Amino acid sequence: MITQAATDWLPIVFIALMGLSVLVYAILDGYDLGVGILLPFAASPNDSSPVSREELQRDTMIASIGPFWDANETWLVLAIGLLLIAFPTAHSLILTNLYIPAAIMLIGLIIRGVAFDFRAKAAVDHKHTWDRAFKAGSLLTTLTQGYMLGQYVMGFESNWQAQLFSMLSALGVTAAYCYIGAAWLILKTESDLQQRAVAWARRAGRATLMGVLAVSLINPIVNPGVFDRWFQFPLVMFLLLIPTLCFLCFIANDLLLKRLPKAKDRHCWLPFLLVSIIFSLCFCGLAFSFFPEIVPGELNIWQAASATESLQFIFYGVVIVMPLILLYTLFSYKVFHGKSTELNYH
């Protein structure tokens, strides 16, 4: 027997699980996409050794994400799977509007996967080409993801204002992935590469802050409902804690990065934690702006949800699968903890 309570709470549970999957994906796959974008290719004029410093650093950067990057994409598959089975109407509507950028994103992911595997087996003369392909695939993936986020926020409008906002979002998401990727390298590397990662993190952090501020200002202007939701008194007194904490995390991280690296590698983990908090706060702000709508201005989660009987059946599967994915993720990070070296781990 299906109760009204089940009809009401099951869509909320599934949108929460989907949101969690998207957030975890943005953090975990975000850093390995960022590492791919940051792969250095500048020539070293004073380096006459057979293997350049840049090549060694690329090897170390690839090694830092090697055990994780494939599993990180599981969360994207899970999020899209939940959208398909729990909210099929929304899945159809969203992918109909985002078919081309989604296809381009998949091309980028394919390029990354092929390049990652082939660089390990290619001749030395071709390794550089596969590194460039990995960088290009990473950049293509992040730009399309940011563009799709901008289109989603703009309600899939096709006018020039929406396109401009989507391009701004593409650049902002790319900067954010570089930010968390550099923070990951601070955690996983040492010496010269770690110092370069600190410099990358400071520049990417400032670019990300500008992007967050721009989106935060534009979103309430183009979506009056979002403005009304955020600035209702007295709720506004609590909601403003989200952007305030986010801004403080940006400032705290920038001040910390000025002092890194420290002796005995102290606080090398803190930038990654702070950037993860920034990602979480931005996601919470975005979720609050649109909940319970799953397609802004068109569908809420109850209108888009599958039949309650289907949701109940799927729920039992999710209760089994989600903890297994979490345990596997935690286990892999425990096994491969510590600093990365030239394609070795200790």
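None of the values given here were measured: they were computed from a predicted structure.

What counts as what
Residues numbered from 1 in each chain as written. Predicted model: local features only at pLDDT ≥ 70, side-chain atom pairs only at ≥ 80, totals over all residues. Heavy atoms only, no water. Phe/Tyr/Trp six-rings, centres within 6.5 Å; stacked < 30°, edge-to-face > 60°. Buried < 20%, exposed > 50% of the residue type's maximum accessible area, 1.4 Å probe, protein only. Helix = DSSP H or I, 4+ residues; strand = E, 2+ residues; numbered from the N terminus. pLDDT = per-residue confidence, 0-100. Axes fitted to C-alpha atoms, helices over the stretch in contact; angles between N-to-C directions. Parallel < 35°, antiparallel > 145°, perpendicular 65-115°, else oblique. Contact = heavy atoms within 4.5 Å. Left-handed = near helix turned anticlockwise from the far one by under 90°. Nonpolar A, V, L, I, M, F, W, Y, C, P; charged D, E, K, R; others polar.

What about the packing of aromatic side chains?
Evaluated as defined, the whole model comprises 17 aromatic pairs. Between Y152 and F156 the ring centres are 6.2 Å apart and the planes differ by 80°, which places this aromatic pair in the edge-to-face class. For Y152, a relative accessible area of 18% puts it in the buried group. Ring geometry for W184 versus Y333: centroids 6.1 Å apart, planes at 85°, classification edge-to-face. Note that W184 is positioned in helix α8 (residues 160–188) and Y333 in helix α15 (residues 308–335), a separation of 149 residues in sequence.

Here's the deal with unusual backbone geometry
Of note, the amide linkage connecting L260 to P261 takes the cis form, showing an omega dihedral of -5°. Geometrically, the link from F291 to P292 is a cis peptide bond, its omega value of 10° lying close to zero. The residue P292 is located in the loop between α13 (270–290) and β1 (293–295) in this model. Although it is not a glycine, S191 sits at a positive phi angle of roughly 50°. Here S191 shows up in helix α9 (residues 191–222). Unusually for a residue other than glycine, H267 sits at a positive phi of about 65°. Along the chain, the position of H267 falls in the loop between α12 (241–257) and α13. For H267, a relative accessible area of 29% translates into the label partly exposed.

Focus on the confidence of the model for the protein chain
Put simply, the protein chain has an average pLDDT of 86, and 93% of its residues get 70 or more. In the model of the protein chain, helix α11 (residues 235–239) stands out as the element of lowest mean pLDDT, 72, in contrast to α12, which has the highest, 93.

Here we look at the packing of helix α2 (residues 53–65) against α9
Contact pair α2 / α9: the axes reach a minimum separation of 11 Å and the direction vectors enclose 75°. Relative to α9, the element α2 lies roughly perpendicular. Taking contact as the criterion, the partners of R53, E54, Q57, T60 and M61 in α2 are, on α9, D192, L193, R196 and W200.

Concerning the packing of α9 against α12
The interhelical angle for the contact between α9 and α12, taken along N-to-C directions, is 160°, at an axis separation of 10 Å. Between α9 and α12, the angle is such that the two are roughly antiparallel. The chirality of how α9 crosses α12 is left-handed. Of α12, the residues touching α9 (which contributes V198, A201, R202, G205, R206, T208, L209 and V212) are F247, F250, D254 and L257. Per-class residue counts for the contact of α9 with α12 are seven nonpolar, two polar and three charged.

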